[in-house]
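Listed here are the chains, written in short residue letters.
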Amino acid sequence: MKESTLAPEPVVQEIHTCYHCGEPCRDEILPHDSHEFCCEGCKLVYDVLKENDLCQYYAFDDAKGNSPESTYYQGKFDYLDLPDVQPKLLEFTDGRQSRINWLVPKMHCSSCIWLLEKLDHLHPGVSGSVVNFPEKKVRVSFYPDKIKLSELAELLTKIGYEPYISLNDVEGKAGNKWNRTRLYKMGIAGFSFANIMMLSLPEYFHLGQTSEDQNLRVLFSALNVVLALPVFFYSASDFFVSAWKALRGRYLNIDAPISLALWSVFLTSLYQILSETGPGYLDSLTGSIFFLLIGRYFQDRTYASISFDRDYKSYFPVAVAVLKEGVETRLPITDLRPGDHMIVRNRELIPADAVLVSPQAMIDYSFVSGEAEPVERRKGDTIYAGGRQSGTAVEMEVLRRVSQSYLTQLWNNDAFTRKKEDENQTLAARFNRYFSSIVLVIATLTFTYWMYTEESFALAFTSFTAVLIVACPCALTLSATFTNGNMLSLFGKYRFYLKNAFAIERLAKIDTVVFDKTGTITLASEAEVTFEGEPLSADEQVMIKTLAAQSSHPLSRLLVQCLPEVTLSRRVLSDFEEIEGAGTRALWGRYQVQLGSARWVGIDTFDGDSHNASRVYVSVDGLVRGFFSIRSKYRPELAQSVVSLREDGYNLYLLSGDKPTDQSYLSTLFGSTSRLFFRQHPDEKLAFIQKMQKDGKRVLMVGDGLNDAGALRQSEVGLAVSDDVNNFSPACDAIIEGERLADLPRYIRMARAGQRVIKLSFALSLVYNIIGLTFAVTGNLTPVLAAILMPVSSIIIVLFTTGATNLAARKCMKK
Amino acid sequence: MSALFILIGFSLLAALGFLIAFVWSVRVGQYDDDYTPSVRILFDDTTPDSKAAPKA
């Protein structure tokens, strides 16, 4: 093709990159103000920034601007000014000044922070803005009388940072303040722990034998009790609450033995101090609580910007355009009633089941069913919620309310109410159950032995509590929490994001892997396009690309993408005509160019292969030149990942909502055609997982869209594949970046290694416990010994688990 | 040894001061975002004149 280029310039292609977004200019190059831009959007953002003296933005090394959403249209945010929507979104308002905290998923670098905090330079109505980058949120203070909320949203959209506003924002506000409470608890525990240790120092060295020192000793003990009280009743309260809840539910969780140990140490210490028989073990007590809290904090620290709990509400818009007596207004979708006429624009989600009023619509159900190609619907057809219109705006009459629509019904399935996190099944919990009973037996035996041989109640009681103190299940709990906490951050480092620690354990145990097809193992935005027929001349390629660029049909868009080196022509196509479902044609000078189905270009051939690929025929001046065969492109990592999983002995299945394509290729990958299932509805996918589980399989479901939501929820581990983790993925246990799919077998191996580390660490703490127990059983556990053993054991465990998990991760991830 | 009574009191007060400082810092949100401030501090405060914005 290059040879036929007639341009006088050298054949070496110069790479033009957009000054604003940094992407190579694919479709066209717009020279403007001595810079080059890839699209009108980028150029507009540049103009806005230049007008406001904010070009410093481009001086940042990592500056890579966003081009504004092409789906934006005038009035998109009008609903934000509705009186019953706005108060639910605002964080604060006193009538004069308001504040809003918006999620901006497109925020990605330091120049984004810089620009978003300069909003007050862009509009006088904004008084200030602060970015929280890990959460990808910007908090904007503004004067509602100078700038309306809708105008603020438009301003952000105009510079490429469209705020993401969904039904979830309006329906439920989760004021997440647990993080602060945890920090208070940790701070207080640490404070008391250090001070109690200092005040206990004289006890460790048997100081204070004179009568004057006696007063000091009383003072120190009293201070210790005062310092320990907030730790015991505030910092440790979570353990007691959780243990009590479990006991009332008639089961033992991991917090029950911890609570028992804490209570016995606390009461023994109080008894010893009040009866002046000893100094108690308050230093060990507060120390254990401090370490336990750190462990839990470490384990529960997750990714602020990634949400694992999205349901349909996160995808649904807040409001929709509704026709009332011929006038278009905006209505919150919760107020949408049967009979309302709504207007759905290009790429907008249909929020409720409806009947089409406009003559014709192309509905893209990829979001719900995984079907890659949009389907045509005609006037009077029922359209289910969750589809997206592609093309011009259409009018529909609402059939059912949003909450009763077909799509939202899926969330009524039992799978969504069942809690997956069963903390009783964790390794630590099961181990703890045996451990606690054995410790109780040893303690009782010690007690009876001393009562029987020495007939001293005091000695027997001291030994009894000493056993409970040394054998506190804290070390065991620390093993699990620190290992899992470190595993989570290691997984994050290798760009595999897990919801919580329980997901690691479940991942380590899976034996079956089920893949979804569209979007999961195929690339959503790319396709393999090959031209079959006589080679096209450069001129013809320009013609085809220009014509295809006029159409909004997905196949046309793919065609445009597959001809990146062809520059769009500025020549005007005349008599442009597009018939949905058939094709498009236009006049190019004297030639008539046609793109579309076989029938559109006037041939009747149909040869077998069309199951595997879509075809776009090209005809120039009535002469058919050939066709573009467009097939979905599989992720290049897929084969490697699947082969490696099969070698590791996992059962593999494919569940696709799409029609059966590429059966031969997929069956060689997956083993046999009996492992491939096509045309699966969302509820059938869920049922399939349930069936596997009934057969005793533990399933990892790999999916991407809402159509997999049920299966992701039902499976032991639901893994969502996303090309941008900050984008939106359905409720799941883990998120993986598409390009890391090849590493899936390694991630599973790593999770298994993590479980082994926990077991080894259990063994280690058992050794330590046996040493401590020998002191305790023989009645020799002095406070100083306890005060040394406790932190030493905790530190050893933390060091061991951190080191071992890092080592294991490096070994597993090595290529 | 009676000096100890006073010294212990002072040492506890000092420690309590730090605890209060910690609680205050959590309350005003210093721990809510531990990344953005590290980026923000490197931004120049000066507004450059509109011509001087060459790409680095």
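Residues numbered from 1 in each chain as written. Chains lettered and ligands numbered in written order. Predicted model: local features only at pLDDT ≥ 70, side-chain atom pairs only at ≥ 80, totals over all residues.

## Overview of the overall build of chain A
Here is step 1: Per the secondary structure count, chain A includes 25 helices and 28 strands.
Here is step 2: Classification of the 815 residues of chain A by burial places 44% in the buried group. (Helix = DSSP H or I, 4+ residues; strand = E, 2+ residues; numbered from the N terminus. Buried ≥ 20, exposed ≤ 12 C-beta atoms within 10 Å, placed from the backbone.)

## Let's talk about the sheet that holds strand S14 (residues 388–389) of chain A
Residue and element names in this part refer to chain A.
Here is step 1: Ordered in space as S12-S11-S14, the 3 strands form an open sheet in which the pairing is antiparallel. The open sheet is flanked by strand S12 (375–378) and S14, the only strands paired with a single partner.
Here is step 2: Judged from the 2 bridges that link them, strand S11 (residues 360–364) and S14 form a sheet pairing that is antiparallel. Bridge pairing in S14 places Asp-364 opposite Arg-388. (Pairing = 2+ DSSP bridges.)

## Some points on unusual backbone geometry
Residue and element names in this part refer to chain A.
Here is step 1: Positive phi, close to 55°, is recorded for Lys-136, a residue that is not glycine.
Here is step 2: Summarising the element assignment, Lys-136 is placed in the loop between strand S5 (126–132) and strand S6 (137–142).
Here is step 3: With 20 C-beta atoms packed within 10 Å, Lys-136 lands in the buried category.
Here is step 4: Its identity is not glycine, yet Arg-495 carries a phi of approximately 60°, on the positive side.
Here is step 5: The residue Arg-495 is located in the loop between helix H16 (474–493) and strand S16 (496–498) in this model.
Here is step 6: Classification of Arg-495 by C-beta neighbours within 10 Å gives partly exposed; the count is 14.

## Some remarks on the packing of helix H14 (residues 427–453) of chain A against H16(A)
All names here are of chain A.
Here is step 1: The interhelical angle for the contact between H14 and H16, taken along N-to-C directions, is 170°, at an axis separation of 10 Å. Taken as axis vectors, H14 and H16 run roughly antiparallel relative to one another. On H16, the residues touching Leu-427, Ala-428, Phe-431, Asn-432 and Phe-435 of H14 are Leu-476, Thr-477 and Ala-480.
Here is step 2: Counted by class, the contact of H14 with H16 contains 6 nonpolar, 2 polar and no charged residues. (Axes fitted to C-alpha atoms, helices over the stretch in contact; angles between N-to-C directions. Parallel < 35°, antiparallel > 145°, perpendicular 65-115°, else oblique. Contact = placed C-beta atoms within 7 Å. Nonpolar A, V, L, I, M, F, W, Y, C, P; charged D, E, K, R; others polar.)

## A short note on the interface of chain B and chain A
Here is step 1: Each partner contributes to the interface: chain B provides 23 residues, whereas chain A provides 24 residues.
Here is step 2: Where the side of chain B that touches chain A is concerned, the elements lending two or more residues are helix H1 (3–27) and helix H2 (36–40) of chain B.

## Focus: the environment of A:Leu323
All names here are of chain A.
Here is step 1: Position of Leu-323 among the secondary structure elements: in strand S7 (residues 319–324).
Here is step 2: A tally of 16 C-beta atoms within 10 Å means that Leu-323 is categorised as partly exposed.
Here is step 3: In the structure, Leu-323 is positioned 74 residues away from Glu-397 in sequence and 9.8 Å away in space, judged by C-alpha atoms.

## Some points on the pairing of strand S24 (residues 651–655) of chain A
Residues and elements named next belong to chain A.
Here is step 1: Note that strand S17 (residues 512–516) and S24 share 5 bridges and pair parallel. When the sheet's bridge partners are listed, Thr-512 is paired in S24 with Asn-651.
Here is step 2: Two strands pair when backbone bridges link them, and S24 and strand S25 (residues 676–677) are joined in this way by 2 bridges, in the parallel orientation. Across the sheet, the residue bridging to Leu-655 is Phe-677, located in S25.
Here is step 3: In this region the chain leaves S24, passes through helix H21 (residues 663–670) and returns to the parallel neighbour S25; the handedness of that crossover is right-handed. (Right-handed = clockwise from strand over helix to strand, strands pointing away.)

## Focus: helix H22 (residues 682–694) of chain A
Residues and elements named next belong to chain A.
Here is step 1: Given a rise of 1.5 Å per residue, 13 residues ought to cover 18 Å, and the 19 Å separating the end C-alpha atoms of H22 matches this to within 8%.
Here is step 2: Listed as buried for H22 are Pro-682, Lys-685, Leu-686, Phe-688, Ile-689 and Met-692. Along the axis of H22, the buried positions cluster into a sector of 155°, meaning they face one direction only. Turned more than 90 degrees away from the buried face of H22, the exposed residues are Lys-691 and Lys-694.
Here is step 3: Of the surrounding secondary structure, the elements contacted by the buried residues of H22 are S17, S24, S25, strand S26 (699–703) and helix H23 (709–714).
Here is step 4: Within two residues after H22, Gly-696 carries a phi angle of roughly 85°, on the positive side. (Expected span 1.5 Å × (residues − 1). Arc of directions from axis to C-beta.)

## Focus: the confidence of the model for chain B
Caution applies to low-pLDDT regions: their predicted coordinates should not be interpreted in detail.
Residues and elements named next belong to chain B.
Here is step 1: Put simply, chain B has an average pLDDT of 78, and 77% of its residues get 70 or more.
Here is step 2: Residue range residues 49–56 is modelled with pLDDT below 50. Its contacts to residues more than four positions away, or to other chains, number 11 contacts.
Here is step 3: Interface confidence for the predicted complex, expressed as ipTM, amounts to 0.83; the pTM equals 0.76. (pLDDT = per-residue confidence, 0-100.)

## So, the nonpolar core
Here is step 1: Counting residues in each nonpolar core, the largest one holds 118 residues, and the members touching the most others are A:Val467, A:Val470, A:Val514, A:Met701, A:Leu719 and A:Ala734.
Here is step 2: In contact with A:Met701, other than residues within four places in its own chain, are A:Val514, A:Ile689, A:Asp708, A:Ala711, A:Leu712, A:Ser715, A:Gly718 and A:Leu719. (Core = buried A, V, L, I, M, F, W, Y, C linked by C-beta atoms within 7 Å.)

## Quick word on the domain arrangement of chain A
Residues and elements named next belong to chain A.
Here is step 1: Taken domain by domain, chain A holds domain 1 (78–171), domain 2 (495–522 + 635–750) and domain 3 (523–634).
Here is step 2: Facing the 8 residues of domain 2 at the interface are 7 residues of domain 3.
Here is step 3: Grouping the amino acids of the side of domain 2 that touches domain 3 by side-chain chemistry returns 3 nonpolar, 3 polar and 2 charged. (Domains from an automatic or database assignment.)

## As for H21(A)
All names here are of chain A.
Here is step 1: Of all the positions in H21, only Leu-666, Leu-669 and Phe-670 are classed as buried. Angularly, the buried residues of H21 cover 85° about the axis, an arc narrow enough to put them on a single face. Among the exposed residues of H21, those pointing more than 90 degrees away from its buried face are Ser-664 and Thr-668.
Here is step 2: The secondary structure elements touched by the buried residues of H21 are helix H20 (638–647), S24 and S25.
Here is step 3: In the segment just after H21, Gly-671 is the residue with positive phi, at about 110°.

## A few points about the environment of A:Tyr57
Here is step 1: Along the chain, A:Tyr57 falls in the loop between helix H1 (40–51) and helix H2 (86–89).
Here is step 2: Distance in space between the C-alpha atoms of A:Tyr57 and A:Ala480 is 46 Å, their sequence separation being 423 residues.

## What to know about the pairing of strand S8 (residues 327–332) of chain A
All names here are of chain A.
Here is step 1: In the sheet, S7 pairs with S8 via 6 bridges, with the strands oriented antiparallel. The residue bridging Ala-321 from the neighbouring strand is Arg-330, located in S8.
Here is step 2: The loop that links S7 with its antiparallel partner S8 comprises 2 residues; one of these, Glu-325, has a positive phi angle of about 50°.

## Thoughts on the sheet that holds S25(A)
Residues and elements named next belong to chain A.
Here is step 1: Taken together, the 7 strands give an open sheet; going across it, the order is S16-S28-S27-S26-S17-S24-S25, and neighbouring strands pair in mixed fashion. In this open sheet, the two edge strands, each paired with only one partner strand, are S16 and S25.
Here is step 2: Across 4 bridges, the pairing between strand S27 (residues 717–722) and strand S28 (residues 734–737) is parallel. Residue Val-721 lies in a different strand from S28, and its bridge partner there is Ile-736.

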